[in-house]
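# A look at the structure
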Amino acid sequence: MDQKIPIINLNAELDPLDSEIKAALQQVLDDKKFILGPAVQRFEKDFAAYLGVRHCIAVHSGTTALWMALTALGLEPGDEVLTTPFTFFGTLEAILWAGGKPVLVDIDPETLNIDPQKLEAALSPKTRGILPVHLYGQPADMDPIMKTAKSNNLWVLEDACQAHGSTYRGRRAGALGSAAAFSFYPTKNLGALGDAGAIVTQDDDLASRLRLLRSHGEAGHYHHVLLGTNARLDSFQAALLSVKLRRLEQRNEARRRNARKYAERLKNAPGLRCVRQIPEAQSNYHQFIVQHAGRDALKEFMDKKGVATAVHYPCPAHQQPVAKPLGLDGGSFPAAEKAAREVLALPVFPELQDSQIQYICDSIIEFCNSHSGIEVSQE
Ligand SMILES: Cc1ncc(COP(=O)(O)O)c(C=O)c1O
């Protein structure tokens with residue numbers, strides 16, 4: 001079988017929407033309301049309604065959404081925020097730029113999300129909040145996280161940058177904590193034509209502060225009441241996002257179908273593990289991840305088979321070159337370190353064909369059968 005399977009296929013997603021997207025962008029050109037115009041307001045309203053939250057504040061990236069949410073939550077220099085070492089580094093950058101100190105808590109080795117059982121031991125008098133990441137789209141185990149937060153008077157900021165449309169006990173990610181940050185980076189399940197993001201919350205006061213922060217702290221014309229910035233989402237991105245939001249549910253369902261096929265067909269592959277899905281959560285399968293002790297060899301094997309795969313993330317936060325000068329390198333987090341050595345993302349995009357999934361599974365099983373002796377990943 002002569003295959004070339006990409007990890008993501010933006011052509012397949014965007015081409016069928018071409019005329020609808022162009023009409024939405026043309027509308028922005030016609031309106032000429034390029035800054036916080038009707039397209040932004042419409043998207044904010046639609047996305048908030050979709051998630052079941054009161055407020056959505058659209059900004060220009062997920063990193064900015066995290067940073068602004070932390071600032072609006074009142075983070076002060078030296079305040080500590082509990083988070084995971086196994087995430088995109090932007091999660092930690094946001095805490096640091098907001099003046100806080102990330103305190104890392106290892107992940108559950110099976111779900112790869114922050115381990116709620118390890119939170120208590122990381123608390124200190126300076127802890128102000130918890131920042132769980134819904135990694136690969138699977139919500140972190142929010143009940144015990146919220147319980148720890150409540151009994152210690154902490155806020156919870158969800159990093160929902162990968163979790164558009166995921167649910168936990170039937171509620172959407174983003175509607176579970178004090179606030180949540182989303183990224184609409186082009187390859188996300190809901191992706192823009194460039195950088196974009198949003199903060200969502202049920203809290204009216206927090207939402208007012210966020211709207212001020214997003215636009216120079218300006219409460220009236222040239223009347224600046226707090227130190228803000230310019231973090232506004234532009235109208236073209238908002239118009240596109242509204243078009244794509246209408247397809248999100250259907251596209252997430254297609255990803256879930258693909259994920260079920262992978263889980264079923266790969267369940268007996270020697271030495272291979274899929275990420276455990278907790279019964280409370282329903283992932284949007286932003287990524288479908290397998291783990292194997294010979295991950296790098298598997299990736300190379302799949303390349304030769306014409307199947308693109310990806311590693312998210314090859315190095316946990318505390319081992320990044322930037323960790324030392326920032327003082328993040330204290331401690332070891334064995335589950336995160338093992339995950340960084342073993343995870344591999346497979347194509348899971350909605351348009352993937354059944355025959356392609358079969359080919360990918362057959363190739364992986366062929367690899368696993370010939371590498372069944374590998375039990376410990378390389379340090
Ligand atoms: C978990 C996580 N946090 C934060 C971000 C940052 O979002 P952005 O790239 O929109 O700044 C991303 C984006 O990749 C992410 O996946």
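Residues numbered from 1 in each chain as written. Predicted model: local features only at pLDDT ≥ 70, side-chain atom pairs only at ≥ 80, totals over all residues. Heavy atoms only, no water.

### A closer look at the site of the ligand
Lining the immediate environment of the ligand, one finds 14 residues, of which Gly62, Thr63, Asp159, Ser183 and Lys188 sit closest. Side-chain polar atom of Thr63 to an oxygen atom of the ligand: 2.5 Å apart, as the coordinates give it. Here an oxygen atom of the ligand and a side-chain polar atom of Gln162 are 2.9 Å apart. Contact with the protein chains covers 91% of the free accessible surface of the ligand, which is 380 Å². (Near = heavy atom within 4 Å. Polar contact = N/O pair within 3.5 Å; in protein donor to acceptor, adjacent residues only side chain to side chain. Areas by Shrake-Rupley, 256 points an atom, 1.4 Å probe, with all protein chains shown as cover.)

### Notes on the domain arrangement of the protein chain
On domain assignment, one finds that the protein chain holds domain 1 (10–242) and domain 2 (248–370). On a C-alpha basis, the centroid separation for the pair domain 1 and domain 2 is 24 Å. If you look at the interface, domain 1 gives 39 residues, while domain 2 gives 37 residues. Summed over both partners, the interface of domain 1 with domain 2 comes to about 3,300 Å²; 60% of that surface belongs to carbon and sulfur atoms. Between the two partners, domain 1 and domain 2, sit four salt bridges. In this structure, the salt-bridge partner of Glu13 is Arg251, at a minimum N-O distance of 3.8 Å. Run the count over domain 1 and domain 2 and you get 23 residue pairs in polar contact (both at pLDDT 80 or more). Looking at the side of domain 1 that touches domain 2, the elements with two or more residues in it are helix H1 (10–14), helix H5 (90–97), strand E3 (101–104) and strand E6 (167–168). For the side of domain 1 that touches domain 2, the class distribution of residues is 20 nonpolar, 11 polar and eight charged. (Domains from an automatic or database assignment. Contact = heavy atoms within 4.5 Å. Buried area = accessible area lost by both parts, 1.4 Å probe. Salt bridge = Lys/Arg side-chain N within 4 Å of Asp/Glu carboxyl O. Helix = DSSP H or I, 4+ residues; strand = E, 2+ residues; numbered from the N terminus. Nonpolar A, V, L, I, M, F, W, Y, C, P; charged D, E, K, R; others polar.)

### A few points about the layout of surface pockets
Taken as a whole, the largest pocket encloses approximately 570 Å³ of empty space. Breaking the lining of the largest pocket down by element, the ones donating at least two residues are helix H4 (62–72) and H5. With three residues, the single largest contributor to the lining of the largest pocket is H4. Taken together, the residues of the lining of the largest pocket sort by class into 14 nonpolar, 12 polar and four charged. Both domains that furnish three or more residues to the lining of the largest pocket are identified here as domain 1 (10–242) and domain 2 (248–370). (1 Å grid on protein atoms, 1.4 Å probe; cavity = no way out; pocket = protein on both sides within 12 Å on 5 of 7 lines; lining within 4 Å. Points joined across faces, edges and corners; volume = space filled by probe spheres on them.)

### Topic: the nonpolar core
Judged by nonpolar contacts, the single largest core of 34 residues is most densely connected at Phe43, Phe47, Phe182, Phe184, Leu190, Val200 and Leu241. Residue assignment for this core shows that the elements contributing at least two residues are helix H2 (18–31), helix H3 (38–51), strand E1 (55–59), strand E8 (179–183), strand E9 (197–201) and helix H9 (235–265). Excluding anything up to four places from it in sequence, Leu241 contacts Phe43, Phe184, Leu190, Gly191, Ala192, Ala196 and Leu233. Among the nonpolar cores identified, the runner-up in size contains 25 residues, and Leu70, Ala179, Leu213 and Ala231 belong to it. (Core = buried A, V, L, I, M, F, W, Y, C linked by side-chain atoms within 4.5 Å. Buried < 20%, exposed > 50% of the residue type's maximum accessible area, 1.4 Å probe, protein only.)

### Some details on the sheet that holds strand E13 (residues 281–282)
Backbone hydrogen bonds are what pair the strands of a sheet, in a parallel or an antiparallel way. Strand order in the open sheet made by the three strands is E7-E6-E13, with antiparallel pairing throughout. Either end of the sheet is taken by a strand with one partner, and the two such strands are strand E7 (171–172) and E13. Two elements, E6 and E7, share two bridges in a ladder whose sense is antiparallel. Bridged to Tyr168 within E7 is Arg171. (Pairing = 2+ DSSP bridges.)

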